Number of protein chains: 2
Amino acid sequence: MSHPHPELSDPPEPPEGGLRIVALGGLGEIGRNMTVFEHGGRLLVIDCGVLFPETEQPGIDLILPDFEYIRDRLDDIEAVILTHGHEDHIGAVPYLLRERRDIPLVGSKLTLALLEAKLAEHRIKPVTDMVVEGERRSLGPFDCEFLAVNHSIPDALAVAVRTSAGLVLHTGDFKMDQLPLDGRLTDLPGFARLGAEGVDLLMSDSTNAEVPGFVTSERNIGPVVDEVFRTAQERLIVACFASHVHRVQQVLDAAVANGRKVCFVGRSMVRNMGVARELGYLDVPDGIMVDQKELDDIPGDRLVLVCTGSQGEPMSALSRMANRDHSIRITERDTVILASSLIPGNENAVNRVINGLTRWGARVVHKANALVHVSGHAPAGELLYVLNVTKPANFVPIHGEWRHLRAHAKLAALTGVPEEGIVIAEDGVVVDLVDGRAKIVGAVPAGYVYVDGLSVGEVTETSLKDRRILGEEGFVSIVVGIDSTSGKVVAGPEVHARGAGIVNEDFEEVIERIEGVLREAAGDGVNDLHQISQLIRRTVGKWVSDNYRRRPMIVPVVVEV
Amino acid sequence: MSHPHPELSDPPEPPEGGLRIVALGGLGEIGRNMTVFEHGGRLLVIDCGVLFPETEQPGIDLILPDFEYIRDRLDDIEAVILTHGHEDHIGAVPYLLRERRDIPLVGSKLTLALLEAKLAEHRIKPVTDMVVEGERRSLGPFDCEFLAVNHSIPDALAVAVRTSAGLVLHTGDFKMDQLPLDGRLTDLPGFARLGAEGVDLLMSDSTNAEVPGFVTSERNIGPVVDEVFRTAQERLIVACFASHVHRVQQVLDAAVANGRKVCFVGRSMVRNMGVARELGYLDVPDGIMVDQKELDDIPGDRLVLVCTGSQGEPMSALSRMANRDHSIRITERDTVILASSLIPGNENAVNRVINGLTRWGARVVHKANALVHVSGHAPAGELLYVLNVTKPANFVPIHGEWRHLRAHAKLAALTGVPEEGIVIAEDGVVVDLVDGRAKIVGAVPAGYVYVDGLSVGEVTETSLKDRRILGEEGFVSIVVGIDSTSGKVVAGPEVHARGAGIVNEDFEEVIERIEGVLREAAGDGVNDLHQISQLIRRTVGKWVSDNYRRRPMIVPVVVEV
């Protein structure tokens, strides 16, 4: 197995007749999936998603792939293929289209519909090209075949990309539920056919590569949900992802079976389920839906609310219910179902919601105490099937953190993929497929691009570092007015502290020190503002450290009068 | 089951001849365990621990129980009983002794030794009273009997407290490993004897009340660790809690069996294992230990490092190894064992460490892929045993978050504890045991007391809120010098922003706005500094919100010249 060398340099020119592959996101992380293929001077992009920030990115709304690598080649892009409608695969498309509006978007019916609904909110009308499994499209030099895959959202696709450099199979996100609710199986025969033809490179979903065995069928969840419905004392509240059409369908079915009305709560839930219903992916029995305004008129034991917030998002309806900060007041008679996986990083938030709901006496049913969710990603057992039927000459594990990519690479080796053909790449690593062999040839920038309020890419690591310091230690600002000629202090020093855990009464002491230092400085004829700022910074920094063992940000402001 | 009413008021005077119980920590949270018993005007305290901060408490080092409830009654304290030597049970003792040095500390040999080592670092020589299981002590009106319990640290105790109000059994932290490594079983016969005598109130560890079944014996871990040792390519690194004597013993045994030398890394690990060895709790074969200085002279396949950092603590040796920021450089030939549980809240940090180690090619063995750890707390199956043999008339679940307390209360109900005797209390809730019945009678303050650098209790929720705002949004400060008489601007406005994602070039626009506003104000004869500050705050706040959709902290500083 070839590991990425930390010290990779700029890549050489793309090889004549070869295929260049660069992931701008999704390798070494779960999120912002985006892969750029280059052949014959033309580009093809698969997926363009967002990554959700963690506590290390305070205040950040979204994290995008860095488009710099393709920025001055936007016109070379034949198309962006979206494998399915999850945010980590389509969420960055509005930002890419800002740079070139008419990039053709290729995807399945539901995927494009969800994307168009999102783009409408950005006031963008895209150029789209709808495909269905089994279809082929020639996108410039890229001959693309689309295959059905089963995932936690309907209508997901895998893509086989044929060029003169060989055949690449990109699975997208998938699992292999053998009894899917919509009967749409992952196209294993198709994978086998490609295997027979000869897969030169397999790029496959690594999310659950560490998990042994096979997924439980979505079918097994229905009865559990139904049982919870039957035993629920009064009101039912189900939280799940706003894109999980099948899960919502199960809730609707259970509602019908148990004579309950259903109310969708939350903008994204209402929007997505509207789309899914329109396109026939969600079957909504007549007269079962009720509007939030009507809730008071319906007895709790005749009602089920379907909302988001299953990841503990602080602003979500569910979190607010848990904090008694919502018109819906949780009681001992309520039952809450968290029908979703727990995305790593959200453990605290979800735990807080479960404790909050429990505090008010609600019965909380979740993954850990009932089978109310199954993962959307293939575990090791299923990944072996795909490796064995495709028999790839080369393998690049995708869609995973390091631990997942490595675990998947091990599986590939076990199925007989030659070691020299197994390439573990991370974001920005350039992989060339030439003469049937995939090799790492360099790296390009693939850092985080932060969306923060209205600004995109303007928040730097530096200001995040500032935020971390401010968030941990607070700041102390010192304002001094200096006479421009004499260099004497004519105003202040005024000291303000926020978040530093220092009380104003304590400042007299440090103010005296500052005045002393400035008097000396003036005596020595120091009147350079920067020098004076440095003196103040050092004086106050030392004082805080000595008296509080703290390191707040010290902000001296010296104004000339 | 009686639930705490959110609107509890001050408690009445303690009932004549009754027993009052107030938990100042540990109920509704896992950490800072501390319970105060009051009878006949005297106080008995069981445990005095710390809680470790989460991301909601930025910059905080430790969280203590609020001693306010007992502050002016320190002389009434007969003793503080420490059930075992974990930080969440002994960590706050140094801070309590600051308020009264000579409070007698009662505990087992190892518990007191670990506590004394910690107190020595605070330069405190405590008054101690060592007890062993089976002993009884009359501490004022409290007749205390100590019983052995099995936990993830040796020498842990449960306490039976007898007063004229009845018999209370406080289990401390425990599990019921039936084949413990040290042969020291949880004293179930003793619990049964108390049950026969009549337990008026049981207070029992709820940590794993949601987990069905029984713990796996520590014995089953030895062979797994041994197997990892035998298959390790070269260097071995084992991370575990610095207090888990038995786990470290297993590592030492495996090292001997596999001809490896052992090196302890990290201050707390070296200190605690020194204590454990001295007292004979840790059996260290001659010549097996090596010093960190000698590491380079020993081939990797002859070596095992034992360190802390199993919770992903950023400053720990393990985290620094994962970041290649440590003299020990991780390679493909290293094997790392995380031999500890994952404390809720540390998921991200631990995941980062696993990914970091994996990135450099290390084999990482942890709870999720091998049996290298078992919990120290009794799951539901074992809790039922305790409830059934003690047959308590009243039950208060302790040591757990809401979800755990409720799950434990349900178990109690299943074993036949009368509903009216099951009391779910949270920190500060006052429970009186009178005439054989436990009842909630009020509440006292039991908020967080923050240790932050050298300051204890000075960091308020307000400054934490400031930190959260600063950490999420940064700040913008505006300095203006005003002529005291004319009210005219004579210096500035100078605008500085940190962490707000605003670049200095943008400030010209807002500076003009401020100048405009101030000109107007001066025209209207406004010269009140506070008013002027407010004008600036509003002007800048609106500008930032309009242009950036952000809400940084706005800090206007108006100085009179």
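Cut-offs and rules
- Residues numbered from 1 in each chain as written.
- Chains lettered and ligands numbered in written order.
- Predicted model: local features only at pLDDT ≥ 70, side-chain atom pairs only at ≥ 80, totals over all residues.
- Heavy atoms only, no water.
- Helix = DSSP H or I, 4+ residues; strand = E, 2+ residues; numbered from the N terminus.
- Contact = heavy atoms within 4.5 Å.
- Areas by Shrake-Rupley, 256 points an atom, 1.4 Å probe, with all protein chains shown as cover.
- Pairing = 2+ DSSP bridges.
- Axes fitted to C-alpha atoms, helices over the stretch in contact; angles between N-to-C directions.
- Salt bridge = Lys/Arg side-chain N within 4 Å of Asp/Glu carboxyl O.
- Polar contact = N/O pair within 3.5 Å; in protein donor to acceptor, adjacent residues only side chain to side chain.
- Nonpolar A, V, L, I, M, F, W, Y, C, P; charged D, E, K, R; others polar.
- Buried < 20%, exposed > 50% of the residue type's maximum accessible area, 1.4 Å probe, protein only.
- Least-squares fit on C-alpha atoms with pLDDT ≥ 70 in both.
- UniProt positions renumbered as here; feature names shortened; annotations may be inferred.
- Core = buried A, V, L, I, M, F, W, Y, C linked by side-chain atoms within 4.5 Å.
- Phe/Tyr/Trp six-rings, centres within 6.5 Å; stacked < 30°, edge-to-face > 60°.
- Lys NZ or Arg CZ within 6 Å of the ring centre and 35° of its normal.
- Domains from an automatic or database assignment.
- Buried area = accessible area lost by both parts, 1.4 Å probe.
- Parallel < 35°, antiparallel > 145°, perpendicular 65-115°, else oblique.
- Left-handed = near helix turned anticlockwise from the far one by under 90°.
- pLDDT = per-residue confidence, 0-100.

The helix and strand inventory of chain A stands at 15 helices and 25 strands. By principal-axis analysis of the C-alpha atoms, chain A measures approximately 85 × 70 × 45 Å. Restricting the contact set of chain A to residue pairs at least 6 apart, pairs at least 24 apart contribute 71%. Total accessible area on chain A is roughly 21,500 Å²; 50% of this is exposed by carbon and sulfur atoms.

What follows covers the sheet that holds strand S16 (residues 335–338) of chain A. Sheet strands associate in pairs through backbone hydrogen bonding, adopting either a parallel or an antiparallel arrangement. Residues and elements named next belong to chain A. The strand order S14-S15-S13-S16-S17 describes an open sheet built from five strands, whose pairing is parallel. Across the chains shown, the open sheet's two edge strands, defined by having one partner strand only, are strand S14 (261–265) and strand S17 (363–366). Across the sheet, the mean angle from the axis of one strand to that of its neighbour is 20°, orientation sign disregarded. On the sheet, helix H10 (residues 347–359) packs against S16 and S17 and is oriented at approximately 150° with respect to S17.

This brings us to the interface of chain B and chain A. Contacts between chain B and chain A engage 60 residues on the former and 60 residues on the latter. Taken together, the connections running from chain B to chain A amount to six salt bridges. Between Arg550 of chain B and Asp452 of chain A there is a salt bridge, with its nearest N and O atoms 2.2 Å apart. Across the chain B-chain A interface, the total number found is 25 residue pairs in polar contact (both at pLDDT 80 or more). Looking at the side of chain B that touches chain A, its residues break down into 21 nonpolar, 18 polar and 21 charged.

Before going further, it helps to examine the environment of Ser477 of chain A. All names here are of chain A. Tracing the backbone through its elements, the reader meets Ser477 in strand S23 (residues 475–482). Judged by its relative accessible area of 5%, Ser477 falls in the buried class. Distance in space between the C-alpha atoms of Ser477 and Val557 is 7.2 Å, their sequence separation being 80 residues.

What follows covers the relation of the copies chain B and chain A. A rotation about an axis combined with a shift along that same axis relates the two copies of the chain. Take chain B, turn it by 180°, move it 0.1 Å along the axis, and it overlays chain A with an RMSD of 0.1 Å. These values place the two chain copies in the arrangement generated by a two-fold rotation axis. Within chain B, Gly471 of chain B has its C-alpha nearest the rotation axis, a separation of 1.8 Å. The overlap is high: 100% of the interface residues of chain B also sit at the interface in chain A, so the same surface is used on both sides.

In this section: the UniProt feature "binding site: Ca(2+)" (unreviewed entry) in chain A. On the UniProt side, "binding site: Ca(2+)" (unreviewed entry) is annotated at positions that read Gly59, Asp61 and Asp452 of chain A here. Their sequence span is 394 residues, while the largest C-alpha to C-alpha distance among them is just 7.0 Å; these annotated residues converge on one region. Assignment of secondary structure puts Asp61 of chain A in the loop between strand S3 (42–46) and strand S4 (62–64). On the basis of relative accessible area, Asp61 of chain A is assigned to the partly exposed category, the value being 39%. Non-local contacts of Asp61 of chain A, meaning those with residues more than four positions away in its chain, are made with Pro53, Val451, Asp452 and Gly453 of chain A. By secondary structure assignment, the location of Asp452 of chain A is in strand S21 (residues 449–452). Asp452 of chain A sits in the buried class, given a relative accessible area of 1%. Not counting chain neighbours up to four residues away, the residues in contact with Asp452 of chain A comprise Gly59, Ile60, Asp61, Val459 and Arg467 of chain A together with Tyr548 and Arg550 of chain B. At 2.5 Å, the side chain of Asp452 of chain A forms a polar contact with the side chain of Arg467 of chain A.

A few words now on the UniProt feature "domain: Metallo-beta-lactamase" (unreviewed entry) in chain A. Mapped onto this numbering, the UniProt entry annotates "domain: Metallo-beta-lactamase" (unreviewed entry) at residues 31–225 of chain A. The annotated region residues 31–225 of chain A carries 21% helix and 28% strand content, and the separation between its end C-alpha atoms amounts to 29 Å.

A few words on the environment of Ile502 of chain A. Residue and element names in this part refer to chain A. Tracing the backbone shows Ile502 in the loop between strand S24 (489–498) and helix H14 (507–523). Overall, Ile502 belongs to the buried group, its relative accessible area being 9%. The sequence separation of Ile502 and Gly474 amounts to 28 residues, and the corresponding C-alpha distance is 9.7 Å.

Now for the nonpolar core. Core analysis: the largest hydrophobic core is formed by 33 residues, its most contacted members being Ile70, Val80, Leu96 and Leu105 of chain B. Beyond its immediate sequence surroundings of up to four residues, Leu105 of chain B is in contact with Val80, Leu82, Val93, Leu97, Leu112, Leu115, Leu119, Pro126, Val127, Thr128 and Asp129 of chain B. Counting residues in hydrophobic clusters, the runner-up holds 32 residues, among them Met34, Val93, Tyr95 and Ile124 of chain A.

Residues and elements named next belong to chain A. Following the criterion strictly, the structure yields nine aromatic pairs over all chains and no others. Seen from their ring centres, Trp543 and Tyr548 are 5.6 Å apart, and the 70° between their planes marks the pair as edge-to-face. Residue class for Tyr548 comes out buried when judged on its relative accessible area of 8%. An aromatic cluster is present here, built from Phe507, Trp543 and Tyr548 joined pairwise through their rings. For the cation-ring pair, Arg324 lies above Trp360, with the distance from its terminal atom to the ring centre recorded as 4.0 Å.

Residue and element names in this part refer to chain B. Going through the model one piece at a time under the given rule, you end up with 74 salt bridges over all chains. With a closest N to O distance of 2.9 Å, Arg403 and Glu210 form a salt bridge. Of this pair, Arg403 sits in helix H12 (residues 402–414) while Glu210 sits in the loop between strand S12 (201–205) and helix H6 (221–231), and the two are 193 residues apart along the sequence. When its relative accessible area of 12% is taken as the criterion, Arg403 is described as buried.

Quick look at the side chain of Ser463 of chain B now. Structurally, Ser463 of chain B is set in helix H13 (residues 461–473). Taking relative accessible area as the criterion, Ser463 of chain B reaches 9% and is therefore assigned buried. Ignoring any residue separated from it by four or fewer positions in sequence, one finds Ser463 of chain B in contact with Gly499 and Gly501 of chain A.

In this section: the sheet that holds S4 of chain A. Residues and elements named next belong to chain A. Taken together, three strands build an open sheet; the order of strands is S4-S21-S22 and the sheet is antiparallel. At either margin of the open sheet sits one strand with a lone partner, and together these are S4 and strand S22 (455–456). In the sheet, S21 pairs with S22 via two bridges, with the strands oriented antiparallel. Bridge pairing links Asp452 to Ser455 in S22.

Next up on the list: the domain arrangement of chain A. Residues and elements named next belong to chain A. Taken domain by domain, chain A holds domain 1 (19–213 + 375–453), domain 2 (218–365) and domain 3 (461–560). A straight line from the C-alpha centre of domain 1 to that of domain 3 covers 52 Å. Taken together, the contact pairs seven residues of domain 1 with four residues of domain 3. Regarding the contact of domain 1 and domain 3, the summed buried area is about 440 Å², with carbon and sulfur atoms giving 48% of it. Area buried by domain 1 at its contact with domain 3 is led by Glu56, Pro58 and Tyr450, which between them contribute 72% of it. Here domain 1 is connected to domain 3 by one salt bridge. The salt bridge partner of Arg467 is Asp452, with a shortest N-O separation of 2.5 Å. Here domain 1 is connected to domain 3 by two residue pairs in polar contact (both at pLDDT 80 or more).

All names here are of chain B. One can describe the packing of helix H11 (residues 380–390) onto H12 by two numbers: an axis separation of 10 Å at closest approach and a directional angle of 50°. The angle between H11 and H12 places the two elements in the oblique class. In this structure, H11 crosses over H12, and the sense of that crossing is right-handed. Facing H11, whose interface residues are Ala380, Leu383, Leu384 and Leu387, H12 presents His408, Leu411 and Ala412. Looking at the contact of H11 with H12 residue by residue, the class counts come to six nonpolar, one polar and no charged.

Another point: the pairing of strand S20 (residues 437–443) of chain B. Residue and element names in this part refer to chain B. Note: strand S19 (residues 429–434) against S20, six bridges, orientation antiparallel. Bridge pairing in S20 links Val431 to Ile440. In this antiparallel pair of consecutive strands, S19 and S20, the connection spans two residues, and Asp435 shows a positive phi of 50°.

Next up on the list: the environment of Val265 of chain B. Mapping Val265 of chain B onto the fold places it in strand S14 (residues 261–265). Along the backbone, Val265 of chain B and Gly400 of chain B are 135 residues apart, and their C-alpha atoms lie at a distance of 31 Å.

It is worth spelling out unusual backbone geometry at this point. Phi is positive for Lys391 of chain A, which is not a glycine, with a value near 40°. With a relative accessible area of 55%, Lys391 of chain A lands in the exposed category.

A word on the confidence of the model for chain A. Per-residue pLDDT for chain A averages 90, and the proportion of residues at 70 or more is 99%. Complex prediction metrics read pTM 0.85 and ipTM 0.81.

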